[in-house]
Amino acid sequence: MAASSSIVSVTPTASSVPVLPSSCDFSNLREIKKQLLLIAGLTRERGLLHSSKWSAELAFSLPALPLSELQPPPPITEEDAQDMDAYTLAKAYFDVKEYDRAAHFLHGCNSKKAYFLYMYSRYLSGEKKKDDETVDSLGPLEKGQVKNEALRELRVELSKKHQARELDGFGLYLYGVVLRKLDLVKEAIDVFVEATHVLPLHWGAWLELCNLITDKEMLKFLSLPDTWMKEFFLAHIYTELQLIEEALQKYQNLIDVGFSKSSYIVSQIAVAYHNIRDIDKALSIFNELRKQDPYRIENMDTFSNLLYVRSMKSELSYLAHNLCEIDKYRVETCCVIGNYYSLRSQHEKAALYFQRALKLNPRYLGAWTLMGHEYMEMKNTSAAIQAYRHAIEVNKRDYRAWYGLGQTYEILKMPFYCLYYYRRAHQLRPNDSRMLVALGECYEKLNQLVEAKKCYWRAYAVGDVEKMALVKLAKLHEQLTESEQAAQCYIKYIQDIYSCGEIVEHLEESTAFRYLAQYYFKCKLWDEASACAQKCCAFNDTREEGKALLRQILQLRNQGETPSTEIPAPFFLPASLSANNTPTRRVSPLNLSSVTP
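Residues numbered from 1 in each chain as written. Predicted model: local features only at pLDDT ≥ 70, side-chain atom pairs only at ≥ 80, totals over all residues. Heavy atoms only, no water.

Colleague: Please set out the UniProt feature "repeat: TPR" (unreviewed entry) in the protein residue by residue, giving values where relevant.
Modeller: The positions UniProt marks with the feature "repeat: TPR" (unreviewed entry) are residues 331-364 and 365-398. Secondary structure content for residues 365-398 is 79% helix and 0% strand, while the C-alpha to C-alpha distance between its ends is 8 Å. (UniProt positions renumbered as here; feature names shortened; annotations may be inferred. Helix = DSSP H or I, 4+ residues; strand = E, 2+ residues; numbered from the N terminus.)

Right, here's the structure in full:
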């Protein structure tokens, strides 16, 4: 597609922002770098520091431009010149967070840039007062209905400007933020989509839109501009929606076209692998990222989660100390220190650091979820519920918060509640076996055994992380006196744990061998029953039963009892088991047509 066909110009009344061509073609990386440097400057002038940083980091990952190709600053309009003194003074106040003072000196300015800073200063002033009231008066866990009092006035004023088509891309972005804060989600989505059309290079608008999309179907119905920025947006939203394969493919494409040095893309790939629990891969990428950008703090809380899962105390301790030296008052640093104390089972100290993170930023999702986990460890279920609910308020797509609520209500013995929350977690993570096993346990408690069987089998089919789904399914069949199906499940379970090639302690291994020994004994298959009984002797909890069964088998053989021949053809298990005289006959195949979802 030619660049000219994808130029999205701003409205005539918003002439202070230059027209930014943004083709969907990645062939001209020099042009893309020029656009990134330009938008980094424009966002910085308006106090949109995160968007400016994102654009600058992305521009840095591309080859440097020669002097002849560097763009001059955008031309100054008559309105800009008239407001220059007021804007310069107000921007200085804005930069030191004196938002009311900045707004006071910008009142009555007519240029688009000054008007945006005026409205944005009022918005941030309201947000700061709200956060101060939240922290000082109530504390993060008792956060009530504290509101930004400026939002309604800002909405009225921006709505008039919007109807008169007097808002540029930045104005539309701010209008969308105000609508989102007022929970007017549908209107906010429409405004953010309009903002991406008017100013496609502003990453902040794409990111806000990202936070409002709840599923892939919703994404399909959005009319988005055909621009290279859309590829970054799609990769980001796929990661958020747990569509990890699609996200990784998008990021790989971006690396292939020339963004291989982007620390943003590398960190997003690491987060994607974290989301699918490929811990080794995620750790490797984060370690490489730390070498490239040793003072980076973004996403380090995710890195600490991985170290926590692997119980890597020394590495987590080093990371916590390192981040403290860089900036001890960043939310990510507080979360890393909280994880460190949690790994050391000092849960009160861990909760204290997560609370500190929330005082720095009450809308920081990770801290709410992690604090909920700590309260669960301290058996403070009411505080845990509050923390998880706040996490969901911040981001309804956080499956960990839904799952945490399910666990909390399970402890409180409220199965209908925990079923609802586990269902929500499963909707967000349909291929996560932990959610399915939790759902199965819930259905079992509610005596909905058919649904429980579906969940356990589905958990096994998608790849059982904890190797427990088949055992739970087998016990369910056992409970329903479906001995053949139970035996089949136990055989699959034994196959799986031995085929891993690792010698791992599995608590239910003895249970499986005990059941199979008894099953084969009832079927008069003495060789197989004897092999399983011998396996039982290797475990403390089944040793006596195994010995008793071996004596019974020996007694029956001495009495001349003949083995049964009614069982079908041999069922081959891994060589490591067969070598140890493990059962080698097949029970009838499990009929799963009634239990497979």
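Colleague: Describe empty space enclosed by the protein, with residues and values.
Modeller: Going through the model one piece at a time under the given rule, you end up with five cavities of 30 Å³ or more. Its volume calculated, the largest cavity comes out at about 50 Å³. Forming the boundary of the largest cavity are D80, D83, M84, Y87, S111, K113 and A114. For the lining of the largest cavity, the secondary structure elements donating two or more residues are α3 (78-95) and α5 (112-138). With four residues, the top contributor of residues to the lining of the largest cavity is α3. (1 Å grid on protein atoms, 1.4 Å probe; cavity = no way out; pocket = protein on both sides within 12 Å on 5 of 7 lines; lining within 4 Å. Points joined across faces, edges and corners; volume = space filled by probe spheres on them.)

Colleague: Lay out the packing of helix α26 (residues 483-499) against helix α27 (residues 509-522) with the relevant residues and their values.
Modeller: The geometry of α26 relative to α27 is characterised by a closest axis approach of 10 Å and an angle of 135° between their N-to-C directions. Classed by the angle they form, the pair α26 and α27 counts as oblique. At the point where α26 passes α27, the crossing takes the left-handed sense. Contact with α26, carried on its side by S483, E484, A486, A487, Y490, I491, Y493, I494, I497 and Y498, involves E509, T511, A512, F513, Y515, L516, Y519 and Y520 of α27 and no other residues of that element. Among the residues making up the contact of α26 with α27, the classes are represented as 14 nonpolar, two polar and two charged. (Axes fitted to C-alpha atoms, helices over the stretch in contact; angles between N-to-C directions. Parallel < 35°, antiparallel > 145°, perpendicular 65-115°, else oblique. Left-handed = near helix turned anticlockwise from the far one by under 90°. Contact = heavy atoms within 4.5 Å. Nonpolar A, V, L, I, M, F, W, Y, C, P; charged D, E, K, R; others polar.)

Colleague: Provide a residue-level description of α26, including the pertinent values.
Modeller: Each α-helix winds once per 3.6 residues, and so residues spaced three or four apart point in a common direction. If you check α26, its first and last C-alpha atoms are 24 Å apart, about what 17 residues at 1.5 Å a residue would give, namely 24 Å. Every buried residue of α26 is accounted for by A486, A487, Q488, C489, Y490, I491, K492, Y493, I494 and I497. (Expected span 1.5 Å × (residues − 1). Buried < 20%, exposed > 50% of the residue type's maximum accessible area, 1.4 Å probe, protein only.)

Colleague: Report on the pattern of salt bridges, specifying residues and quantitative values.
Modeller: If the charged atoms of two oppositely charged side chains come close together, the side chains can form a pair. Evaluated as defined, the whole model comprises 28 salt bridges. Here E157 and R122 are joined by a salt bridge, their closest N and O atoms 2.9 Å apart. With E157 in helix α6 (residues 151-163) and R122 in helix α5, the pair connects residues that are 35 residues apart, well separated along the chain. Accessibility expressed as a relative area gives 15% for R122, which makes it buried. Salt bridges here are not isolated pairs; linked through shared partners, they connect E127, K130, K181 and R363. (Salt bridge = Lys/Arg side-chain N within 4 Å of Asp/Glu carboxyl O.)

Colleague: I'd like a rundown of unusual backbone geometry, residues and numbers included.
Modeller: Positive phi, normally seen in glycine, also occurs at D183, with a value near 65°. Not every positive phi belongs to a glycine, and S311 is a case in point at roughly 55°. In this fold, S311 is placed in the loop between α15 (300-309) and α16 (313-327).

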